[in-house]
Amino acid sequence: MDKVMRMVVVGALAIATLLQVTTAQTVHVVGEDTAWTIPVSGSVVYTTWASKNTFKVGDTLVFNFATSRHDVQEVAKASFEECNTKNVIGKSITTGPANVTLESPGEHYYICTVGKHCLAGQKLAITVSGTSNAPRPSSSSSTVVFASFLLSLSSIALAIFI
Ligand SMILES: *[C@@H]1O[C@H](CO)[C@@H](O)[C@H](O)[C@H]1NC(C)=O
Ligand SMILES: [Cu+2]
């Protein structure tokens, strides 16, 4: 291969690597400073928070709460709206803080089943998109480190094989 061709290949590989890395998983801290609790102004806190985030399969939700004060239960939409546990999905998570990995695309609903917490607004609805989404910038610094690592690795590989 001539020099120009090599540069094209290296460039294409570097871009492909970067695109792949920027689609890496994101960690979302539910409610940020509000954490996972009974929100003072009701469920709007979680609605607003969810609207500011883009959720993707493979991402992680971090529910910050103290064990035995709250829990996390995924439910079907009907149970989310009525704050009941008639249609639960999986087991409730009773140990906090808890990490939940988003394993499937679509709508996901989480409530706290302690007392009347859900009725008071401790409920979260999110929409998770599939893995084939367009890449987006990641805020995680470890992702950036990982990106440069992969880039160096691909450069070394190219230096050897071309
Ligand atoms: C949950 O995720 C956060 C952020 O990635 C991490 O720091 C923490 O160790 C995780 N906790 C558990 C219990 O896995
Ligand atoms: Cu609660």
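Details of the structure are given in the entry above.
Participant: Help me out: how do you make sense of helix H2 (residues 44–51) in this one?
Facilitator: Because an α-helix packs 3.6 residues into every turn, residues spaced three or four apart end up facing the same way. By the burial criterion, the buried members of H2 are Tyr46, Trp49 and Ala50. Angularly, the buried residues of H2 cover 95 degrees about the axis, an arc narrow enough to put them on a single face. Looking at the packing, one finds that the buried side of H2 touches strand S1 (27–29), strand S2 (55–56), strand S3 (60–63) and strand S8 (123–129).

Participant: Any chance you could explain the sheet that holds strand S5 (residues 88–93) here in plain terms?
Facilitator: Two strands in a sheet stick together by hydrogen bonds in their backbones, pointing the same way (parallel) or opposite ways (antiparallel). Pairing within the open sheet is mixed, and its five strands lie in the order S2-S8-S7-S4-S5. The open sheet terminates on both sides in strands that have one partner only, identified here as S2 and S5. Pairing geometry for S2 and S8, over two bridges, is parallel. Across the sheet, the residue bridging to Phe55 is Val128, located in S8. Its contacts with the sheet put H2 on S2 and S8, and the angle it makes with S8 is roughly 15 degrees.

Participant: Would you explain the side chain of His70 in this entry?
Facilitator: Within the fold, His70 resides in the loop between S3 and strand S4 (72–75). On the accessibility criterion, His70 (10% relative accessible area) is buried. In terms of polar contacts, His70 uses its side chain to reach the side chain of His117, at 3.0 Å. A polar contact is formed between the side chain of His70 and the side chain of Gln122, at a distance of 3.0 Å.

What counts as what
Residues numbered from 1 in each chain as written. Chains lettered and ligands numbered in written order. Predicted model: local features only at pLDDT ≥ 70, side-chain atom pairs only at ≥ 80, totals over all residues. Heavy atoms only, no water. Buried < 20%, exposed > 50% of the residue type's maximum accessible area, 1.4 Å probe, protein only. Helix = DSSP H or I, 4+ residues; strand = E, 2+ residues; numbered from the N terminus. Arc of directions from axis to C-beta. Contact = heavy atoms within 4.5 Å. Pairing = 2+ DSSP bridges. Axes fitted to C-alpha atoms, helices over the stretch in contact; angles between N-to-C directions. Polar contact = N/O pair within 3.5 Å; in protein donor to acceptor, adjacent residues only side chain to side chain.

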